[in-house]
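The lines below spell out each chain.
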Amino acid sequence: MSATTTDTEGAAALPEPGGRRLYSDAERARRDATKWTLVQGILAPLQFVVFLISLALVLRYLWTGAGYEAATLSIIIKTALLFTIMITGAIWEKVVFGQYLFAPAFFWEDAFSFGVIALHSLYIYALLADGFTATTQMYIALAAYAAYVVNAGQFLWKLRMARLDAESRA
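Residues numbered from 1 in each chain as written. Predicted model: local features only at pLDDT ≥ 70, side-chain atom pairs only at ≥ 80, totals over all residues. Heavy atoms only, no water.

1. What to know about the overall build of the protein
Thinking step 1. Across its full length, the protein carries 5 helices and 0 strands.
Thinking step 2. Moving toward the C terminus, one meets the helices and strands of the protein in the order α-α-α-α-α.
Thinking step 3. In the protein, once contacts between residues fewer than 6 apart in sequence are set aside, the share between residues at least 24 apart is 63%. (Helix = DSSP H or I, 4+ residues; strand = E, 2+ residues; numbered from the N terminus. Contact = heavy atoms within 4.5 Å.)

Given below as structure tokens:
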């Protein structure tokens, strides 16, 4: 049996699979009104394009041994974008849900994001620390990228849920 929630305005809300609607009416209005939604909408695809380029450069290095500098620079750029999208995403979450992270609607996405950040940070550590070979650094980057793909999938699923919710309201 699926529970129906009540939004902050007191109106009955349609349930999300699992029992809770993704956005109350008030949250949806705040989401649509904030500039941070646009910021996220720009940063997410930009980060994905940088990820694809960087992945190609990392794989090229691992297959051929050529292009270490280009692969390294691309991973640093990808990591900087990841931190930027995490910070701006936390601001977005504060505006929409009233808390910086772990709002119920995005709890698991946020939790997994910390794993993604940890792996990207491990790469930066490996890059700066002695004792890590270039190949090891690239494999750490690949692990970070694999986690990023899972996390991106989580957010794409939420985007789909939001669209389905909007269609059901229309």
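2. A closer look at a nonpolar patch on the surface
Thinking step 1. A surface patch of nonpolar side chains, amounting to about 420 Å² of accessible area, comprises Phe102, Phe107, Trp108 and Phe114.
Thinking step 2. Within the secondary structure, phenylalanine 114 sits in helix H4 (residues 107-128).
Thinking step 3. Residue phenylalanine 114 is classed as partly exposed on the basis of its relative accessible area of 37%. (Patch = residues over 30% accessible without salt bridge, like charges linked within 9 Å, V, L, I, M, F, W, Y side chains within 5 Å. Areas by Shrake-Rupley, 256 points an atom, 1.4 Å probe, with all protein chains shown as cover. Salt bridge = Lys/Arg side-chain N within 4 Å of Asp/Glu carboxyl O. Buried < 20%, exposed > 50% of the residue type's maximum accessible area, 1.4 Å probe, protein only.)

3. Here's the deal with unusual backbone geometry
Thinking step 1. The backbone phi angle of phenylalanine 102 is positive, close to 65 degrees, even though this residue is not glycine.
Thinking step 2. Among the secondary structure elements, phenylalanine 102 is positioned in the loop between helix H3 (68-97) and H4.
Thinking step 3. Residue classification places phenylalanine 102 among the partly exposed positions, given a relative accessible area of 33%.

4. Points about the nonpolar core
Thinking step 1. Counting 24 residues, the largest nonpolar core has Val58, Ile75, Tyr123 and Met138 as its most contacted members.
Thinking step 2. Among the secondary structure elements, those contributing two or more residues to this core are helix H2 (35-64), H3, H4 and helix H5 (134-169).
Thinking step 3. With 9 residues, H5 is the single largest residue contributor to this core.
Thinking step 4. Sequence-distant contacts of methionine 138, that is, excluding residues within four places in its chain, are made with Val58, Tyr61, Leu62, Tyr68, Ala71, Thr72, Ile75 and Tyr123. (Core = buried A, V, L, I, M, F, W, Y, C linked by side-chain atoms within 4.5 Å.)

5. Focus on the packing of H2 against H5
Between two packed helices, the angle of one axis relative to the other and the distance separating the axes together describe the packing.
Thinking step 1. H5 packs onto H2 with a crossing angle of 145 degrees between their chain directions and a minimal axis gap of 10 Å. Judged by the twist between their axes, the crossing of H2 over H5 is left-handed. Residues Ala44, Gln47, Phe48, Phe51, Ser54, Leu55, Val58, Leu59, Tyr61 and Leu62 of H2 form the contact with H5, whose participating residues are Ala134, Thr135, Met138, Tyr139, Leu142, Tyr145, Tyr148 and Val149.
Thinking step 2. Grouping the constituent residues of the contact of H2 with H5 by class yields 15 nonpolar, 3 polar and no charged. (Axes fitted to C-alpha atoms, helices over the stretch in contact; angles between N-to-C directions. Left-handed = near helix turned anticlockwise from the far one by under 90°. Nonpolar A, V, L, I, M, F, W, Y, C, P; charged D, E, K, R; others polar.)

6. Details of the packing of aromatic side chains
Thinking step 1. All told, the structure shown has 14 aromatic pairs when counted by the stated rule.
Thinking step 2. Measuring from centroid to centroid gives 5.3 Å for phenylalanine 51 and tyrosine 145, while their planes differ by 80 degrees, and the two rings are edge-to-face. In this pair, phenylalanine 51 is assigned in helix H2 and tyrosine 145 in helix H5, connecting sequence segments 94 residues apart. Exposure class is identical for phenylalanine 51 and tyrosine 145. Each is buried.
Thinking step 3. Ring centres of phenylalanine 106 and phenylalanine 155 lie 6.1 Å apart, and the angle between their planes is 20 degrees; this geometry places the pair in the stacked category. On the criterion of sequence distance, the pair formed by phenylalanine 106 in the loop between H3 and H4 and phenylalanine 155 in helix H5 is long-range, its members being 49 residues apart.
Thinking step 4. For phenylalanine 155, a relative accessible area of 32% gives the class partly exposed.
Thinking step 5. Lying across the ring of tyrosine 23, arginine 31 places its NZ or CZ 4.7 Å from the centre.
Thinking step 6. Between the NZ or CZ atom of lysine 78 and the centre of the ring of tyrosine 148, over which it lies, the distance is 3.8 Å. (Phe/Tyr/Trp six-rings, centres within 6.5 Å; stacked < 30°, edge-to-face > 60°. Lys NZ or Arg CZ within 6 Å of the ring centre and 35° of its normal.)

Keep in mind these values describe shape, not function.
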